[in-house]
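Architecture and fold: a report
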Amino acid sequence: MAERAAARLHLSGLCFFLQLLTIVLFATFVRYSPESSNLCSTEPRCSQRDPSPTLGYPRFRDAHLRALLGFGFLLAFLSRYGVGSVAGSLLIVAFTIQWAILAQGLFYFSQNSKIYVSTQSMVSADFCTAAILISTGAVLGRVNPIQMLLMALLEVPLFACNEYILRSILGVSDSGGSLTIHTFGAYFGLTVSRALHQPHEDKRKEQQDVGHGPDVFAVVGTICLWIFWPSFASATTAHDSAEPWAVLNLYFSLAASTLATFILSPILYEEGTLQVAQLQDATLASTAVMGMAGEMLSTPFGALTAGFLASQLSLLSSRFLSPILRSRLKTEDTCGVHNVHGLPGILGTFLGTLLAALATADVFGDRLQLVFPLVADGSRTTAEQAQWQLCGLVVTLLLAALGGGLTGALLRTKVLRSPPERNELESKALREVDEDGCDHGTSSEERRTIA
Amino acid sequence: MAERAAARLHLSGLCFFLQLLTIVLFATFVRYSPESSNLCSTEPRCSQRDPSPTLGYPRFRDAHLRALLGFGFLLAFLSRYGVGSVAGSLLIVAFTIQWAILAQGLFYFSQNSKIYVSTQSMVSADFCTAAILISTGAVLGRVNPIQMLLMALLEVPLFACNEYILRSILGVSDSGGSLTIHTFGAYFGLTVSRALHQPHEDKRKEQQDVGHGPDVFAVVGTICLWIFWPSFASATTAHDSAEPWAVLNLYFSLAASTLATFILSPILYEEGTLQVAQLQDATLASTAVMGMAGEMLSTPFGALTAGFLASQLSLLSSRFLSPILRSRLKTEDTCGVHNVHGLPGILGTFLGTLLAALATADVFGDRLQLVFPLVADGSRTTAEQAQWQLCGLVVTLLLAALGGGLTGALLRTKVLRSPPERNELESKALREVDEDGCDHGTSSEERRTIA
Amino acid sequence: MAERAAARLHLSGLCFFLQLLTIVLFATFVRYSPESSNLCSTEPRCSQRDPSPTLGYPRFRDAHLRALLGFGFLLAFLSRYGVGSVAGSLLIVAFTIQWAILAQGLFYFSQNSKIYVSTQSMVSADFCTAAILISTGAVLGRVNPIQMLLMALLEVPLFACNEYILRSILGVSDSGGSLTIHTFGAYFGLTVSRALHQPHEDKRKEQQDVGHGPDVFAVVGTICLWIFWPSFASATTAHDSAEPWAVLNLYFSLAASTLATFILSPILYEEGTLQVAQLQDATLASTAVMGMAGEMLSTPFGALTAGFLASQLSLLSSRFLSPILRSRLKTEDTCGVHNVHGLPGILGTFLGTLLAALATADVFGDRLQLVFPLVADGSRTTAEQAQWQLCGLVVTLLLAALGGGLTGALLRTKVLRSPPERNELESKALREVDEDGCDHGTSSEERRTIA
């Protein structure tokens, strides 16, 4: 009891400190950009991204919706951590949004030592939140809220740094975040998970595989992904005239990946009962693969093929790669972010690289100016652009691996300092989930024992 | 086991073939319309429908949302097929969207033997998906996924054909789809269900009546219908200036039908406990009745009255007509699409016909040009327009009955070829639903047996 | 059985009468405003609020969405009345929307004895619906549907009257409804609840505290509040250029209040398990506090601080004030609307008053014209504006208390006339909830008894 009370006070103390810190930092640095009054700054970047007031807000809401809803349900996905994980993910979201405004502001918006925020910076903060939630998905159930907060505290600046390097320095075109969101988030989380590995955990993880998870969440989550990711992926598309391609491509790839899931899933899994969870994975995978290539694909069938491949890749890797990851590499992946975000993100990067190499002015027309500005103004050849896209992948993987390793090591020290509280907290979480009736996994087991 | 494995392989093989087919067809025929870059083609039709980039996309998303969410939950409605039906309906949606782009493209968008797709064609594809899902609702639980796919394969071209005849040849004004979506989908599904009738099925259907269904889905589904159908119904409204009427009328009719459900439901049903399911039915019925008349009604109280009548009609028919349908006509109607989509759709058509006959230039103003272009340019009298509206009903019913009969006969032969796999699959589905904790019907029964 | 049958007939009779009444009144008075065809009237007020067709509709949908979804789930929150309360709240929503159009029309839109409705009047009706649902939350589970309908019947005109006095007479700036929606709705409901107090009810209420409620609803409700309240709060913001502040401020306060909940909740509650319900309360509280101040705050850190304080206030009051309210003041508060809407609404009013007093032209710029038109055109000093804002609080509290007292007295007479039917109905509701598997509270208890 004493340790649990201590743990609770630690958490609430940390939250208090972080909230106070952000308030002070906001009071010192953050102001509303005078342009925010007409929703678009005069600097070219924003005016590019956000040409009309009427567009800015809905986009912001959708991106926001997707970040919360999609991932909230993605995390709520585990049986044992179902509802409990939503509280945790909301904690992470609430902190990350404030922290990302500050971290990204340092790179992007700083003028006369002030950070000017607008609807656009909110969208960027939501992108960051999405990456953090992906990383959380890899370690969920094996870290306590304090560790999740510290992980977010360290990952947000790294994300902003990586995004800045790719977008502003390397000039990589990655509007949907195949690299910045999916690949970075997945591999950061995986390296953290690797660093946190402890032998005695393997047995608990088996239990997790048993429960099927509250499929109500899976259903709602899948449908919400179908609906709102297109607008999320196109939230930062350079120009309206480019939006349809990103949206339609993503839409086609969603349809193809969903249909394709019914191809491989019955073959890979004995029971042959297709879990809605697999459909959600396929949906996420197709969005990850379309992140970079979404606005570059000029033909619908390309989107169909990409979605088809993404779902197959995700299914195969979850069937064959995950066990290896767990046994050999000692890396647990609670939500399977490697299959759903990591590999499809890399596949999407390769696809984007290919399309960048093949990009020609007559196919893209004035769209070239929007997707590859550096190519359009002749300062780069398409081949060079493709090289930079690949280079972005390398940078992302490096930053994710290094940052994740360090973060994991740090969290591990904290773990060693307080294992009891951690287990206490988790058992509390379990008990909570058991008490409210939402832990279907448990209830169904009990049903079986009864029947 | 052998049969089940065979069934699984059949399904995955069919999915593989269909996906490959659509990819090949897309590669051959489908291109992004050059106009799609600014979201609006120069051809009058699209520029009418889709005047501004900012509008096109949200509309598309809402229509899309409604098609998926509304019907996903409508199907998820049955207790026994709850979560399982979502996987099925997503399979249908994923395939129908691709297939509808092709089928409708043949009628609408073909220029120099290419199909040019834009956001607008996505909305049309979603309309088609809605109709297919309505038909699926009639046969749900009595067909296996393979049959559902084949049904969609055959129904989509028929839907596109019917839509083309009504819109382009007969010049019927049916923006919300009272005829093209609700009436066609319902009666197509019912004739298929009639053709699939087999004596030994009656007993299983009783079981279905027992369970109350996961009302969580009913609740979310109802609320989502309330919210998003208005934008769905007005997604193809000819012009912005006409949108408010369609939206507001639908909104008023929703309010009236929901309130009216509390009038008749306690009288018709002994228990007197109003199921949320009935509210969902009333919501759907009022949207079906507003499909055609939505943009023609010039007075709010007309919308209130229509919604009032629609919900009463749907309740009465589900109470008195469905049993007759089942016993006499040997037509099962798993989700009650006849009460919720069929009859209200016909009622909406009659209402639309009446309003078309009464349409006068001084009431409609320049709106007349948008709702009844042929009347506005004097090539038709309002009386003729009314006749054509009725004629559209006849055509729709004929096509639905003929196509449904043929499809049902075809599916039946397949059924006869493989009854075991079908039952196997269904029992699998049941078992799946039992295993994840979402089959509330079962769990509650078990609770009762326990308590 | 006889009483229950009588009760059912009473309800359906009342619904029939009310629906007929509204239809007749609509037929007599309500017309579509000729301007609604281009979605914006020529009168300055509307053209201010709704400058472009493209904006009007999404705003309307979001406000609408929020009113339904947020509160639908807020009410669905109680364990025992989970799904049952949704049917009740939909009944209230369906009636209130029609009734509010009439009641507000009398004050706002009446020209030549007609009420002209447009999308804008729909948003106003949704605001009214939100207030009614808040009041319902205070008495939920202790009134039968008939009493809920009568309460709405009486509250709607009072709400319209209060809104008219504040907006048009006192010139109070309260775009997000801290006063008109939250404070009025909460204290109206509380006085009704006080008037309905009966000794023998206390014991049942303990039972309610036991169940944790279907957290699925809490989760979905919380996330939906996060997403859609911003657009709801800014639905009537005077001008687009003012929208970002309202939206961004609300967004920041949401993040802060959610994070702050993790500070106090573990300290206040022994178990230390943070219920998602508390996060939903914090979300609602932060929206209530931002209602008036949302578009006045010119610095993000102000929004963070306000959200921080709101969640702390709501948590403290639910921990310490609610018991006093129940024991001393004999006022039950089923959904805790006093902690979530009442006090934060008042806090928001004070904040708004402070900001109005401090408002200066150089900070607000041309925004001053939109937020404080009377100050901008020099007919008021900021100090006077602040006084009027406070005065609005007094008026709202007076109207809410008086109206609530009278309504409660009236309902009480009805209660006395028919206690049996009430209990019958409630027990019916309970049984319904037990039968479909959604009453997690009960099921979990049973599980415990089993395990």
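Since we're looking at a predicted model, the values are computed, not measured.

1. Describing the overall build of chain A
Along the backbone of chain A there are 19 helices and 3 strands. Going through the 451 residues of chain A one by one, you find that 69% of them count as buried. In chain A, of all internal contacts separated by at least 6 residues, the share reaching a separation of at least 24 is 83%.

2. Description of the environment of Leu196(A)
Mapped onto the elements of the fold, Leu196(A) is located in the loop between helix 7 (178–195) and helix 8 (202–210). Measuring from C-alpha to C-alpha, the distance between Leu196(A) and Val337(A) comes to 16 Å, with 141 residues separating the pair along the chain.

3. Considering the nonpolar core
Grouped together as the largest cluster of nonpolar side chains are 310 residues, with contacts concentrated most on Phe252(A), Phe252(B) and Phe252(C). Discounting residues that sit within four places of it in the chain, Phe252(B) has contacts with Pro300(B), Ala303(B), Leu304(B), Phe26(C), Tyr32(C), Ile101(C), Val117(C) and Met122(C).

4. Some remarks on the packing of helix 5 (residues 119–139) of chain C against helix 6 (residues 145–169) of chain C
Residue and element names in this part refer to chain C. Relative to each other, helix 5 and helix 6 sit at 135°, their axes nearing to 10 Å. Between helix 5 and helix 6, the angle is such that the two are oblique. Two packed elements cross with a definite hand, and for helix 5 against helix 6 that hand is right-handed. On helix 6, the residues that touch Phe-127, Cys-128, Ala-131, Ile-132, Ser-135, Thr-136 and Val-139 of helix 5 are Met-148, Met-151, Ala-152, Glu-155, Val-156 and Phe-159. Residues that form the contact of helix 5 with helix 6 fall into these classes: 10 nonpolar, 2 polar and 1 charged.

5. Concerning the packing of helix 11 (residues 276–293) of chain A against helix 13 (residues 337–358) of chain A
All names here are of chain A. Across the interface, helix 11 lies against helix 13 with an axial gap of 7 Å and an inter-helix angle of 30°. The pairing of helix 11 with helix 13 is recorded here as roughly parallel in orientation. As helix 11 runs across helix 13, the sense of the crossing is right-handed. Of the residues in helix 13, those touching helix 11 at Asp-281, Leu-284, Ala-285, Ala-288, Val-289, Met-290, Met-292 and Ala-293 are Val-340, His-341, Pro-344, Gly-345, Leu-347, Gly-348, Thr-349, Leu-351, Gly-352, Thr-353 and Leu-355.

6. What to know about the packing of aromatic side chains
The tally for this structure, following the rule as stated, stands at 18 aromatic pairs over all chains. Ring centres of Phe252(A) and Phe26(B) lie 5.4 Å apart, and the angle between their planes is 80°; this geometry places the pair in the edge-to-face category. Taken together, the residues span two chains, with Phe252(A) in helix 10 (residues 243–268) and Phe26(B) in helix 1 (residues 2–29). When its relative accessible area of 0% is taken as the criterion, Phe252(A) is described as buried. Here Phe26(B) falls in the buried class, since its relative accessible area comes to 0%. Each ring, one from Phe308(B) and one from Phe16(C), has its centre 6.3 Å from the other, and the planes form 40°; the classification is tilted. Taken as a pair, Phe308(B) in helix 12 (residues 300–327) and Phe16(C) in helix 1 (residues 2–29) lie in two separate chains rather than in one. Given a relative accessible area of 38%, Phe16(C) falls into the partly exposed group. Joined through ring pairs, the aromatic side chains of Phe159(A), Phe184(A) and Phe188(A) make up one cluster.

7. Notes on the UniProt feature "transmembrane region" (unreviewed entry) in chain A
This chain's UniProt record puts "transmembrane region" (unreviewed entry) on residues 6–29, 89–109, 121–140, 216–235, 247–269, 301–321, 342–365 and 385–411 of chain A. Structurally, residues 121–140 of chain A comprises 95% helix and 0% strand, and the distance from its first C-alpha atom to its last is 28 Å.

8. Here we look at the confidence of the model for chain A
All names here are of chain A. Looking at chain A, pLDDT values average 73 and 67% of them are 70 or higher. Below pLDDT 50 for its whole length, residues 75–81 participates in 38 contacts with residues either more than four positions away or in separate chains. Residue range residues 238–242 is modelled with pLDDT below 50. Its contacts to residues more than four positions away, or to other chains, number 19 contacts. As scored by the predictor, the complex reaches a pTM of 0.82 and an ipTM of 0.78.

Procedures and definitions
Within any chain, residue numbers begin from 1 and follow the written order of that chain's sequence. Here chains are named by letter from A upward and ligands by number from 1 upward, in the order in which they appear as written. Where totals are concerned, whole chains, interfaces and linings use all residues; where local detail is concerned, this predicted model gives features only for residues with pLDDT of at least 70, and gives and counts side-chain atom pairs only at 80 or more. As a convention, hydrogens and water are excluded, and side-chain values are obtained from all of the structure's heavy atoms. Each helix is a run of DSSP H or I of at least 4 residues and each strand a run of E of at least 2, with the numbering of both proceeding from the N terminus. With a 1.4 Å probe rolled over the protein chains alone, any residue whose accessible area is under 20% of its type maximum counts as buried; one over 50% counts as exposed, and the rest are partly exposed. By the convention used here, residues are in contact when the closest approach between their heavy atoms is within 4.5 Å. The set of buried Ala, Val, Leu, Ile, Met, Phe, Trp, Tyr and Cys residues whose side-chain atoms join them within 4.5 Å is what this entry labels a nonpolar core. An axis is simply a line fitted to the C-alpha atoms; with a helix, the fit covers only the stretch in contact. Between two such axes, the angle follows the N-to-C directions and lies from 0 to 180 degrees. For classification purposes, an angle smaller than 35 degrees is called roughly parallel, one larger than 145 roughly antiparallel, one from 65 to 115 roughly perpendicular, and anything else oblique. Throughout, a crossing is termed right-handed when the near helix is turned clockwise from the far one, and left-handed when it is turned anticlockwise from it by less than a right angle. Think of it as three bins: nonpolar holds Ala, Val, Leu, Ile, Met, Phe, Trp, Tyr, Cys and Pro, charged holds Asp, Glu, Lys and Arg, and polar takes everything else, Gly as well. Between rings of Phe, Tyr and Trp, where Trp is taken as its six-membered ring, a pair exists when centres lie within 6.5 Å; planes separated by under 30 degrees are stacked, by over 60 edge-to-face, and by other angles tilted. UniProt positions are given in the numbering used here, feature names are shortened, and annotations may be inferred rather than shown by experiment. Values of pLDDT, the confidence the predictor places in each residue, fall between 0 and 100.

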